[in-house]
Amino acid sequence: MRLVEAPDQTRRSVDEKNLHHVWSRVEGVIGWLCTTNHKEISLRYIITAFGFFCAAGVLALLMRLQLSVPNNRLIGPDLYNQLFTVHGSTMMFLFAVPVMEGVGLYLVPLMIGTRNVAFPRLNALGYYVYLAGGLVLYGGLFCNIGPDTGWFSYVPLAGPDFSPGKRVDFWAQMITFTEISALIAGIEIIVTVFKQRAPGMSIDRIPIYVWAVLITAFMVIFAMPAVMLVSTMLAMDRMSHVATHFFNVAEGGDALLYQHLFWFFGHPEVYIIFIPATGFVSTIIGTFSRRPLVGHSALVLSLIATAFIGFGLWVHHMFATPVPILGRSFFTGASMLIAIPSGVQIFCWIATLWTGKPVWKSPLLFVLGFFAIFVLGGLTGVMLASVPLDLQVHDTFFVVAHFHYVLIGGAVFPLFGAFHYWFPKWTGRMLDEGIAKLTFWLMFIGFNLTFFPMHQLGLEGMPRRVYTYHANLGWNGLNMAASIGAGVMGIAVLCFLYNVLKSRRSGVIAGNNPWQAPTLEWATTSPPQPYNFLYQPTVNSMHPLWFDRPNQPFVVGLKTDRREVLTTTLLHAVPEHIHELPEDSCWPILLTVVISGTLLGVIFNPWPFVIGMIPMYIVLFAWFWRDIDLKHLGRAK
Amino acid sequence: MKTENVALDVSDLPVSELDHRSLVWWGNVLMMVIETTVFALLVASYLYVRMNFGHWPPPQPNRFPPLAAEYPSIPMGLTTVIPLLISLIPMIWADRAALKLKANAVRWGLFLSILAGGVIAYLRFRELRYLPFDWDDNAYASIVWTLCGMHLMHIVVATCENIVMFAWAVVHSLDKKHARDVRVNAVYWYWVVGIWVPLFCIIYVGPRI
């Protein structure tokens, strides 16, 4: 390793041509299906997740339509049960987690200055398995076998005695698909951040967003196994050929065991969704305040603290069950404790805005919306952390209001901010600022009109998960208001979609760094080339595009006739060795087909699990052995 | 050399590494973390269900004699624990040989590990058959069968991976990249063996104390 003179213009254009040849995928359908480019796969994650967001939004609109007037006969109780179950399951498993991981998988390699994620083929597998899981759930819904026991599928309701048929099994299997995918993405992100950072990016120079995604990935690794396990246990209890008794009280099983295992995943899940969103907020605030974040270390430590405390809160979802008094007090304390790191973050953000020179563009607007809504959701959260109040409003619309304030405020608003912020990087064009502001205001007003009345409805005693209500209970007006608000939110999403479609074709050309942001993803072209950077960068500060000298050295000496990346040491990011990444591959999609067939079969009979292992092994054997040269199958780009 | 416009030439760095510096090594570690979490949650479930019973293992009223609550037999359990521990020897041998890129020793080490894996899988089937209860007897039985069955699956999967490595080493000999894969696989096998020791103690020894 040594310093040399930078390559001249001739050399650069030769390298560029070679890299382009090596990193581009082949044209045509086969190339499209077999790509391992993290940017293409991530955009598919984002688009697919957004598709599911819209689908679940339509389900929500149907529910609001049903509830808009009392004694409504539009949707019956059976379909209504399926609607709220699929709505919740989609938003949690098919939208919130995948979209956060999708954005992370796009940005992390760019922000840390490398060419692709650590395991590109595994990454493609993760996406396809996720897509298959989503299609299974919606396939079920359209065939009237959509799950109908809530997004958490509590036993005994979801057990074999009270939910015969296959509806719950479709839910359980959708979990298996999506969690395989989430765990794959978690591993990708951790290894990529650990080993592929640009030389000089020691851990104190990692951008805050990368920290957020990294911490989330660790949470995924410890939380997701719980839901995979519990849904598998549920499926085994339900399957007549197996008939285990994990949750069968008559044979010593325990319904509360289900709740414990589920919420051991379910509570960290909230932070799995929220922590990447704080990464968006920190990034957007830093860029638009035109200064480094106030309290960067405090922010990172708050995220880590949140991740740890997040694993100690799950029982507060179970205050209405017979958990020991001491346990309740402990989890009340822990639930209030987590307000501290969240508070630290909010104060750091306010201080950054206060002492900076804020530029009021649409991404920042969404962040301000996040402040207002999330703080309100946090306040009702502190209220719900107290057991007596929780018991009073348990299973009422107050809880629905609370978690929509937390999740939409805490995740969807920052996510829309992130869409507006990184859209130029993804497509090369700016979104229309006027329509963006309109989107924000419609969404902000629509959201509050929908969910604020629900606090009052809950305090007045309106229970969740009822398909209708009597006219003389005094809930008519507020329900109508909530339904109108839902419609306004729907219009806001349509506005956003229109903006995307219009700007993608005719938006203003963005250039490399339209926001004058400090992180490395803005150092390359918009959209980035398949190889991300012509030469992998090195960094000398946390904000390389603001504070590094223009002649900061870049990395040369990687071969340009195969897909090589530089790996660096974990703490100090000193160059360590060169790693060759695989070519594009047809095995991920083939393996997905085999996995999907196996998991679908297992819904009906346990034997497909054993039989499916054979083709799975054959495909994995081939995966290990060699990649089929796609350039022979399709014409090279 | 000018001080303006310099570049960092890394062409003399090694390609691929055989230890914790490699990406695959880290991927494998995280995989093991995930699977350890699964086992830990199963153990937690086991202990949670235990609170529902006065006697542990729970009596089986449907059996004759009716209240017999047999402990799982320790000698039967040892029929897999001891072979598992012995199987470490060829795996460590293959691991060490891979570090020195000795193809022949790797082949032999892997061959013996595959044999060991096959034998242990058979012994585990036998162990399951001799458990004094079936998986659908009660919640206790369900969890013990799941723990044993899940671990059996890991033995089978790790052995299948060894077969792939062995096939590669026989057909293509051994380059640095595949020596790394052998080593990563060896780490996985150590984990498969290691995780069974506490599980054995919980399933076989735990109920007696």
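In this report, we go over the structure that sits alongside the text. Per chain, residues are indexed from 1 in the order of the written sequence. Naming scheme: in the order in which they are written, chains are lettered from A and ligands are numbered from 1. This being a predicted model, a pLDDT of at least 70 is required before a residue's local features are given, and a value of 80 or more before pairs of side-chain atoms are given or counted; all residues contribute to the totals for chains, interfaces and linings.

Side note on the overall build of chain A
A run of DSSP states H or I qualifies as a helix once it reaches four residues; a run of E qualifies as a strand once it reaches two. Both are numbered from the N-terminal end. A tally of regular secondary structure across chain A gives 20 helices and four strands. For 637 residues, the compact-globule estimate of 2.2 N^0.38 gives 26 Å, and the C-alpha radius of gyration of chain A, at 25 Å, lies within 12% of that figure. Think of it as a crowd count around each C-beta: if 20 or more other C-beta atoms lie within 10 Å the residue is buried, if 12 or fewer it is exposed, and in between it is partly exposed, with C-beta placed from the backbone throughout. A burial count over chain A gives 53% of its 637 residues as buried. Throughout, a residue-residue contact means that the two C-beta atoms, derived from backbone geometry, are no farther apart than 7 Å. Contacts in chain A between residues at least 24 apart in sequence constitute 81% of all its contacts with a sequence separation of at least 6. The globule rule is 2.2 Å times the number of residues to the power 0.38, and the radius of gyration it is compared with is taken over C-alpha atoms.

A closer look at the interface of chain A and chain B
Accessible area lost upon the coming together of the parts serves often as the stated size of an interface. With 51 residues of chain A in contact, the opposing surface of chain B contributes 42 residues. Residue assignment for the side of chain A that touches chain B shows that the elements contributing at least two residues are strand 1 (2-5), helix 6 (167-195), helix 7 (208-238), helix 8 (255-289), strand 2 (554-556), strand 3 (564-568), strand 4 (575-580) and helix 19 (607-625) of chain A. Each pair of strands is called paired provided DSSP finds at least two bridges between the two strands. When strand 2 of chain A meets strand 1 (residues 6-9) of chain B, the two strands line up parallel, connected through three bridges. Residue pairing across strands places A:V555 opposite B:L8, the latter belonging to strand 1 of chain B.

Some details on helix 11 (residues 339-355) of chain A
Residue and element names in this part refer to chain A. Each helix should span, by expectation, one fewer than its residue count multiplied by 1.5 Å. Across its 17 residues, helix 11 extends 24 Å between first and last C-alpha, which sits within 8% of the 24 Å expected from 1.5 Å per residue. All of the buried residues along helix 11 are P341, S342, C348, W349 and T352. For helix 11, the buried positions fall inside an angular range of 120 degrees around the axis, keeping them on one side. Set apart from the buried face of helix 11 by more than 90 degrees, the exposed residues are W354 and T355. Where the residues of helix 11 are buried, they touch helix 8, helix 9 (296-310) and helix 12 (362-384). Read the arc as the range of directions from the helix axis to the C-beta atoms.

Description of the packing of helix 4 (residues 139-172) of chain B against helix 5 (residues 176-205) of chain B
Axis angle and axis distance: for two packed helices, these are the angle between their axes and the distance between the axes, and together they describe the pair. Residue and element names in this part refer to chain B. Following both chains from N to C, one finds helix 4 and helix 5 inclined at 160 degrees, their axes separated by 10 Å at the closest point. Put simply, helix 4 runs roughly antiparallel to helix 5. Of the two possible hands of crossing, helix 4 and helix 5 adopt the one that is left-handed. Counted together, V144, L147, H151, H154, I155, A158, E161, N162, M165 and W168 of helix 4 and H178, D181, V182, N185, Y188, W189, V192, W196, L199 and I203 of helix 5 form the full contact between these two elements. In this classification, Asp, Glu, Lys and Arg are treated as charged, Ala, Val, Leu, Ile, Met, Phe, Trp, Tyr, Cys and Pro as nonpolar, and every other residue, Gly included, as polar. Along the lines of polarity and charge, the residues of the contact of helix 4 with helix 5 split into 13 nonpolar, five polar and two charged. For helices, the fitted axis covers only the stretch in contact; all axes are lines through C-alpha atoms, and the angles between them, taken along N-to-C directions, range from 0 to 180 degrees. Reported orientations rely on four angle classes, namely roughly parallel under 35 degrees, roughly antiparallel over 145, roughly perpendicular from 65 to 115, and oblique for the rest. For any helix crossing, the convention is left-handed if the near helix is rotated counterclockwise from the far helix by under a right angle, and right-handed if that rotation is clockwise.

So, the sheet that holds strand 1 of chain B
Strand order in the open sheet formed by three strands is 1(A)-1(B)-2(A), and the pairing between neighbours is mixed. Among the strands making up the open sheet, the edge pair consists of strand 1 and strand 2 of chain A. The sheet shows a mean angle of 50 degrees between the axes of neighbouring strands, direction not considered.

A look at the environment of A:C586
Residue and element names in this part refer to chain A. Tracing the chain through its elements places C586 in the loop between strand 4 and helix 18 (587-602). The exposure class assigned to C586 is partly exposed, which follows from the 19 C-beta atoms found within 10 Å. Separated by 129 residues in the primary sequence, C586 and L457 have C-alpha atoms spaced 53 Å apart. Not counting residues up to four positions away in its chain, the partners in contact with C586 are C34, I628 and L630.

Re the environment of A:F374
Residue and element names in this part refer to chain A. Its place among the elements puts F374 in helix 12. Overall, the presence of 26 C-beta atoms within 10 Å leaves F374 in the buried class. C-alpha of F374 to C-alpha of G134: the two residues are 240 residues apart in sequence and 28 Å apart in space. Dropping the residues within four chain positions of it, F374 is found in contact with V406, G409 and G410.

Some words on the pairing of strand 1 of chain B
Here strand 1 of chain A pairs with strand 1 of chain B via four bridges, running antiparallel. When the bridges of strand 1 of chain B are listed, A:R2 appears paired with B:D9.

Thoughts on unusual backbone geometry
In this structure, A:P156 follows A:V155 across a cis peptide bond, with omega equal to 0 degrees. With respect to the helices, strands and loops of the structure, A:P156 is situated in the loop between helix 5 (120-142) and helix 6. B:W56 connects to B:P57 through a cis peptide bond whose omega is 0 degrees. With respect to the helices and strands, the residue B:P57 is situated in the loop between helix 1 (23-50) and helix 2 (74-99). A positive phi angle, near 45 degrees, is found at A:S153, a position not held by glycine. Classification of A:S153 by C-beta neighbours within 10 Å gives buried; the count is 24. Here the phi dihedral of A:D395 falls at roughly 60 degrees; this positive angle occurs in a residue that is not glycine. With respect to the helices, strands and loops of the structure, A:D395 is situated in the loop between helix 13 (387-393) and helix 14 (397-427).

Some points on the packing of helix 1 of chain B against helix 5 of chain B
Residues and elements named next belong to chain B. At a minimum axis separation of 10 Å, helix 1 and helix 5 run at an interaxial angle of 15 degrees. Between helix 1 and helix 5, the crossing angle belongs to the class labelled roughly parallel. At the point where helix 1 passes helix 5, the crossing takes the right-handed sense. Counting all contacts with helix 1, which are made through V24, W25, N28, M32, T36, F39, V43 and Y46, the residues of helix 5 involved are R180, D181, V184, V187, Y188, W191, I195, L199 and I202. Taken together, the residues of the contact of helix 1 with helix 5 sort by class into 13 nonpolar, two polar and two charged.

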